[in-house]
Amino acid sequence: MKVFVAGATGALGRPLIAELVERGHEVTGMTRTAAKQDLLRKLGAGPVVADALDPGAVMRAVSDAEPDVIVHELTAIGAFNPRRMESGFALTNRLRTEGTDHLLAAGREVGVKRFVAQSFAPLAYLRTGGMIKTEDDPLDSAPPATIRTSNAAIRHLEAVVAGADWTEGITLRYGGFYGPGTSMGLDPLGDMAEAIRKRRMPLAGKGTGVWSFVHVVDAASATAEAIEQGSRGAYNVVDDEPAPVSEWLPFLANALGAKPPLHVPLWLARIAGGEAAAVMMSELRGSSNAKAKRELGWQLRYPSWREGFVHGLR
Ligand SMILES: NC(=O)c1ccc[n+]([C@@H]2O[C@H](COP(=O)([O-])OP(=O)(O)OC[C@H]3O[C@@H](n4cnc5c(N)ncnc54)[C@H](OP(=O)(O)O)[C@@H]3O)[C@@H](O)[C@H]2O)c1
């Protein structure tokens, strides 16, 4: 198939292109940065330079490529800072709202048969009830103030993709990425790994918030399966083992060769890191990957972060 990947140079975009090329697809990779075209060529994709927030440029790029499938992996998160959630996610929010709208408009024009877009499981689901969420569970409509705009952007993306009745509109609710090129990798981009190594990410309260992770190579293979055979709707793309912060954070610190994380009371985390940090430590819900495995036949290289944190960070 001809696959158009927006966000092709990103933490997920790079392993995704490798996976798609390996499977024999013809890939066009979009970047807003002319200097990154060579990287895309090396990965095996045909590069196209366009700003995702410029509807005319997106329309031209997609029309020229005439893809069967569009994949939206655009984000602009940068270094993670829970105290600056609103400003830190402002551009990502625009990519999830305006960026999605522009790609959908272009996809409709050329008649793509699938439109696959990046969503985020930890921010998607309601933080009450069961600790492990399936795709049928309700989405969070009352998030804390500091992540309200991010949550609204994700809800916009989910709604317009699901509402695109002229194509198979698919949202992939990824877990927290880890691996090379991510903030949880052992390369210069790994700022969260670095914070854990320096004991700057303490375990707050009882650490009861449940996180779902996914290694970027597994996120890439799930995305390739969705591109090839996904049906309209959402899929959680997470590993087999959602786990509370109290389990995975000390494990990851140990895997990174760091001392165990410091313990602080939740109220202190709320003051120091803001409401978003407190929520992540105490209220977050994990997700189930049963649907993606059942319907897409997805097989993971790292079914658990327990193996991935030890062998998959570089
Ligand atoms: N599920 C998750 O846990 C999750 C999800 C997303 C990100 N993250 C993490 O967040 C960290 C940083 O991510 P990131 O979002 O900064 O970057 P990233 O993952 O490296 O990718 C961002 C991609 O979006 C593209 N992009 C951004 N704005 C664009 C625009 N206006 N027009 C066209 N393309 C545009 C970039 O293109 P060019 O740079 O080529 O122009 C790049 O290909 C990584 O550690 C990543 O793992 C985690």
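Here the structure is shown first, and the text comes after it.
These lines cover the structure that appears in this document, whether it is placed above or below. All values derive from a computational prediction rather than experimental measurement. (Residues numbered from 1 in each chain as written. Predicted model: local features only at pLDDT ≥ 70, side-chain atom pairs only at ≥ 80, totals over all residues.)

Remarks on the site of the ligand
Formally: Using a C-beta atom placed from the backbone, a residue is described as near a molecule or strand when that atom lies within 6 Å of it. Each residue is assigned to one of three groups, with Ala, Val, Leu, Ile, Met, Phe, Trp, Tyr, Cys and Pro labelled nonpolar, Asp, Glu, Lys and Arg labelled charged, and all others, Gly among them, labelled polar.
As a matter of local geometry, the ligand sits amid 26 residues, with Gly10, Thr31, Ala52, Thr75 and Thr182 nearest to it. Of the residues contributing to the shell around the ligand, the split by class is 12 nonpolar, 11 polar and three charged.

Focus on helix 3 (residues 55-65)
Because an α-helix packs 3.6 residues into every turn, residues spaced three or four apart end up facing the same way. Just so we agree on the cut-off: Our exposure labels follow a C-beta count within 10 Å of each residue's own C-beta, placed from the backbone: buried means 20 or more other C-beta atoms, exposed means 12 or fewer, and partly exposed covers the counts in between. Secondary structure elements are defined from DSSP: runs of H or I of at least 4 residues count as helices, runs of E of at least 2 residues count as strands, and each element is numbered from the N terminus. Here the arc refers to the directions that run from the helix axis out to each C-beta atom. Remark: residues whose backbone-derived C-beta atoms lie within 7 Å of one another are considered to be in contact.
Those residues of helix 3 that sit buried are Val58, Ala61, Val62 and Ala65. One side of helix 3 holds all its buried residues, which, seen down the axis, span an arc of 90 degrees. In this structure, helix 3 carries Gly56 and Ser63 as exposed residues pointing more than 90 degrees from its buried face. If you follow the buried residues of helix 3, they end up packed against strand 1 (2-6), strand 2 (26-31), strand 3 (46-49), strand 4 (69-72) and helix 5 (90-110).

Considering the packing of helix 5 against helix 7 (residues 148-162)
Basically, it comes down to this: The angle between two axes is taken between their N-to-C directions and runs from 0 to 180 degrees, where each axis is a line fitted to C-alpha atoms and a helix contributes only its stretch in contact. Convention used here: angles under 35 degrees read as roughly parallel, angles over 145 as roughly antiparallel, angles from 65 to 115 as roughly perpendicular, and any remaining angle as oblique. Definitions for this section: a left-handed crossing has its near helix turned counterclockwise from the far helix by less than a right angle. A right-handed crossing has that turn clockwise.
Packing of helix 5 against helix 7 brings their axes to within 7 Å, and their N-to-C directions diverge by 15 degrees. One element, helix 5, and the other, helix 7, form an angle in the roughly parallel class. The element helix 5 and its partner helix 7 pack so that their crossing is left-handed. Within the contact between the two elements, helix 5 uses Asn93, Arg96, Thr97, Thr100, Asp101 and Leu104 and helix 7 uses Thr149, Ser150, Ala153, Ile154, His156, Leu157, Val160 and Val161. The residue inventory of the contact of helix 5 with helix 7, partitioned by class, reads six nonpolar, six polar and two charged.

Read these as layout, nothing more, since geometry by itself doesn't imply function.
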